[in-house]
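Chains, contacts and geometry: an overview
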Amino acid sequence: MQRPTVATVVMGARNESQLRQNLGAVGWNLSQEQMARLDQVSSVTPPYPYYPYRTQEGFARVNPPLV
């Protein structure tokens with residue numbers, strides 16, 4: 001929910017105990033450092049038509065990122 005593009009979170013629980021644990025997570029946030037670390041370790045190289053062009057010098061100027 002800390003992402004500007006996330007509108008909702010879908011929870012799933014197999015039993016009441018899991019539901020209570022999930023609901024207990026409401027109200028806390030990750031720190032900026034934790035978010036940056038998660039972004040770093042979960043980044044992936046874009047698939048083919050995007051990767052070669054993103055590494056070219058003029059690509060970012062012509063196609064700025066959406067966020």
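Residues numbered from 1 in each chain as written. Predicted model: local features only at pLDDT ≥ 70, side-chain atom pairs only at ≥ 80, totals over all residues. Heavy atoms only, no water.

Looking at the overall build of the chain
Put simply, the rule reads: Secondary structure elements are taken from DSSP: a helix is a run of H or I of four residues or more, a strand is a run of E of two residues or more, and numbering for both begins at the N terminus. Each residue gets one of three labels from its accessible area relative to the maximum for its type: buried under 20%, exposed over 50%, partly exposed in between, using a 1.4 Å probe on protein chains only. In these tables, accessible area is a Shrake-Rupley quantity obtained with a 1.4 Å probe, and a residue counts as shielded only by the protein chains included in the view.
What the chain contains, in helices and strands, is four helices and zero strands. Scanning the chain from its N terminus toward the C terminus, one meets helices and strands in the order α-α-α-α. Looking at the 67 residues of the chain, the share that counts as buried comes to 1%. As displayed, the chain has an accessible area near 6,400 Å², and 56% of this comes from carbon and sulfur atoms.

Observations concerning the pattern of salt bridges
This is how the line gets drawn: A carboxyl oxygen of Asp or Glu within 4 Å of a side-chain nitrogen of Lys or Arg is what we treat as a salt bridge.
In total, this model carries one salt bridge according to the counting rule given. Notably, a salt bridge pairs arginine 20 with glutamate 16, separated by 2.7 Å at the nearest N-O pair. Placement of the pair is arginine 20 and glutamate 16 together in helix α1 (residues 16-24), with a separation of four residues, close to one helical turn.

Remarks on the environment of leucine 19
Stated precisely, the cut-off is as follows: Any pair of residues with heavy atoms lying within 4.5 Å of one another is described as a contacting pair.
Within the element layout of this structure, leucine 19 appears in helix α1. Leaving out residues up to four positions away in the same chain, leucine 19 has contacts with Met11 and Ala13.

Things to note about the confidence of the model for the chain
The cut-off we apply is this: Confidence of the predictor at the level of single residues is captured by pLDDT, which takes values from 0 to 100.
When pLDDT is averaged along the chain, the result is 78, and 73% of the positions lie at 70 or above. When pLDDT is averaged over each helix and strand of the chain, the minimum, 62, is found for helix α3 (residues 51-54) and the maximum, 91, for helix α2 (residues 32-42).

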